[in-house]
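Chain and residue survey
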Amino acid sequence: MRIVSWNCNGKFREKFKKIKELDADIYVIQECENPQCYAGTAYSGFAKNYIWNGENKNKGLGIFAKESISIQRNGWDAYCLRNFLSVKVNHDFDLLGVWACKPYIEEYYIYQCIHMQKYNDQTIIIGDFNSNKIWDKTHSARNHTNVVKELERKNLISAYHYVYHEKQGEEKQPTFYLYRHLDKGYHTDHCFIKKERIKNYQVLHSQSWLNYSDHLPISLEI
């Protein structure tokens, strides 16, 4: 199974054909429109099997799957934290899609504390955390490093750091380019998973993606 996460930077209804080229089984898309608002369009045709949430119909978090895959909303309450979407995949494992908005990792940290008892070593967490160890001091104890440490206690590690043997905060492959400037790259998109489940993990770093978004997709194969 291939899972792709991408912050599309809005207007996903005009960009979904690009990500569809990857032929993933599941797409976790940040900043996408609610497909329900685009009935009868090519976008709604793409979104035949999806779950979406968000405060703004034009910018939310969506999980899109092939029709042969079962996705069911878990109903993990977010308590007004934004934006987290937990689904059960094929009645088998929990997939948590993440788009952490201000104050970024602090919102995810709280969400994780609330639901940590539900996490297990089959859980997959993937998305745009808007976070990196380099900003730890900005967030006091609710920081990136402490999130990583808590997940490791559940046997969930960062797929990127495991595959590429790099340390947190020293990533060589950015996933986000501020204002799409190549000299302002940061690694802010992450995937946490039990290491034995990883078959392949990549940052799709072709510069052509910057024609569509300030983020690059990340791809996980399990």
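Below you will find a few notes about this structure. This is a predicted model, so every value here is computed, not measured.

It is worth spelling out the overall build of the protein at this point. Along the backbone of the protein there are five helices and 14 strands. Its C-alpha radius of gyration of 16 Å places the protein within 12% of the 17 Å reference for a compact globule of 222 residues. Dimensions of the protein, computed from the C-alpha atoms along their principal axes, are close to 45 × 40 × 35 Å. When the 222 residues of the protein are sorted by exposure, 56% land in the buried category.

This part takes up the nonpolar core. Generally speaking, a soluble globular protein has its nonpolar side chains buried in company with each other. Counting residues in hydrophobic clusters, the biggest one holds 51 residues, and the most contacted among them are Phe12, Ile26, Phe64, Leu95, Ile124 and Leu220. Considering each element in turn, this core owes the most residues, five residues, to strand E2 (residues 26-32). Those residues in contact with leucine 95 that lie beyond four places of it in its chain are Ile3, Ile26, Val28, Ile63, Leu85, Ser86, Val87, Val89, Ile124 and Ile126.

Of all eleven residues that make up helix H3 (residues 105-115), eight are buried, and the element is covered over most of its length. Every buried residue of H3 is listed here: Ile105, Glu106, Glu107, Tyr108, Tyr109, Tyr111, Gln112 and His115.

Another aspect to go through is the sheet that holds strand E14 (residues 218-221). Picture the strands of a sheet paired through backbone hydrogen bonds; they go either parallel or antiparallel. Spatially, the six strands line up as an open sheet ordered E3-E4-E2-E1-E14-E13, and their pairing is mixed. A strand with exactly one partner marks an edge of an open sheet, and here the two such strands are strand E3 (50-56) and strand E13 (200-203). Averaged over all adjacent pairs, the angle separating strand axes in this sheet is 10°, with direction ignored. As paired elements, E2 and strand E4 (residues 59-65) share six bridges and run antiparallel to each other. When the sheet's bridge partners are listed, isoleucine 26 is paired in E4 with alanine 65.

A separate point is the layout of surface pockets. Size it by volume and the largest pocket reaches roughly 230 Å³. Around the largest pocket, the lining residues are Lys20, Asp23, Ala24, Tyr27, Gly45, Phe46, Lys48, Asn49, Phe64, Ala65, Lys66 and Glu67. Within the residue set of the lining of the largest pocket, elements represented by two or more residues are helix H2 (42-46) and E4. Residues that form the lining of the largest pocket fall into these classes: five nonpolar, two polar and five charged.

Moving on to the environment of isoleucine 69. Position of isoleucine 69 relative to the elements: it lies in the loop between E4 and strand E5 (71-73). Given the relative accessible area of 8%, isoleucine 69 is considered buried. C-alpha separation for the pair isoleucine 69 and threonine 145, spaced 76 residues apart in sequence, amounts to 34 Å. Those residues in contact with isoleucine 69 that sit more than four places away from it in its chain are Met1, Asp25, Ile26, Asn49, Val89 and Asn90.

A few words now on the packing of aromatic side chains. For the coordinates displayed, the defined rule picks out 20 aromatic pairs. Between the aromatic rings of phenylalanine 129 and phenylalanine 192, the centroid separation amounts to 5.7 Å while the plane-to-plane angle is 75°, which identifies the pairing as edge-to-face. Here phenylalanine 129, found in the loop between strand E8 (124-128) and helix H4 (144-152), pairs with phenylalanine 192, found in strand E12 (residues 189-193); they are 63 residues apart in sequence, far enough to count as distant. Members of the aromatic cluster, connected to one another through ring pairs, are Trp6, Phe12, Phe16, Tyr27, Tyr38, Tyr43, Phe46, Tyr50, Phe64, Trp209 and Tyr212. Here the basic side chain of lysine 118 rests over the ring of tryptophan 76, its NZ or CZ set 5.8 Å away from the ring centre. Taking NZ or CZ as reference, arginine 197 lies 4.8 Å from the ring centre of phenylalanine 93, over its face.

The next thing to look at is the sheet that holds E12. Taken together, the six strands give an open sheet; going across it, the order is E5-E6-E7-E8-E12-E9, and neighbouring strands pair in mixed fashion. The two strands at the open ends of the sheet, each matched to only one other strand, are E5 and strand E9 (157-158). Those strands touched by H3 are strand E6 (84-89), strand E7 (93-99) and E8, and its axis lies near 45° from that of E6.

Here we come to the pairing of E7. Residues in a regular strand point their side chains to alternate faces of the sheet. Judged by how many residues are buried, E7 sits mostly within the fold: seven of seven residues are covered. With burial as the criterion, each face of E7 is covered, one bearing Phe93, Leu95, Gly97 and Trp99 and the other bearing Asp94, Leu96 and Val98. In the sheet, E6 pairs with E7 via six bridges, with the strands oriented antiparallel. When the bridges of E7 are listed, valine 89 appears paired with phenylalanine 93. The antiparallel pairing of E6 with E7 creates a hairpin that spans three residues between the two strands, and asparagine 90 there sits at a positive phi of about 50°. Where E7 meets E8, five bridges bridge the pair, whose relative direction is parallel. Opposite leucine 96, over in E8, you have isoleucine 125 as the bridge partner. Handedness of the β-α-β unit built from E7, H3 and E8 comes out right-handed.

The rules behind each value
Residues numbered from 1 in each chain as written. Predicted model: local features only at pLDDT ≥ 70, side-chain atom pairs only at ≥ 80, totals over all residues. Heavy atoms only, no water. Helix = DSSP H or I, 4+ residues; strand = E, 2+ residues; numbered from the N terminus. Rg over C-alpha atoms; globule rule 2.2 N^0.38 Å. Buried < 20%, exposed > 50% of the residue type's maximum accessible area, 1.4 Å probe, protein only. Core = buried A, V, L, I, M, F, W, Y, C linked by side-chain atoms within 4.5 Å. Contact = heavy atoms within 4.5 Å. Pairing = 2+ DSSP bridges. Axes fitted to C-alpha atoms, helices over the stretch in contact; angles between N-to-C directions. 1 Å grid on protein atoms, 1.4 Å probe; cavity = no way out; pocket = protein on both sides within 12 Å on 5 of 7 lines; lining within 4 Å. Points joined across faces, edges and corners; volume = space filled by probe spheres on them. Nonpolar A, V, L, I, M, F, W, Y, C, P; charged D, E, K, R; others polar. Phe/Tyr/Trp six-rings, centres within 6.5 Å; stacked < 30°, edge-to-face > 60°. Lys NZ or Arg CZ within 6 Å of the ring centre and 35° of its normal. Right-handed = clockwise from strand over helix to strand, strands pointing away.

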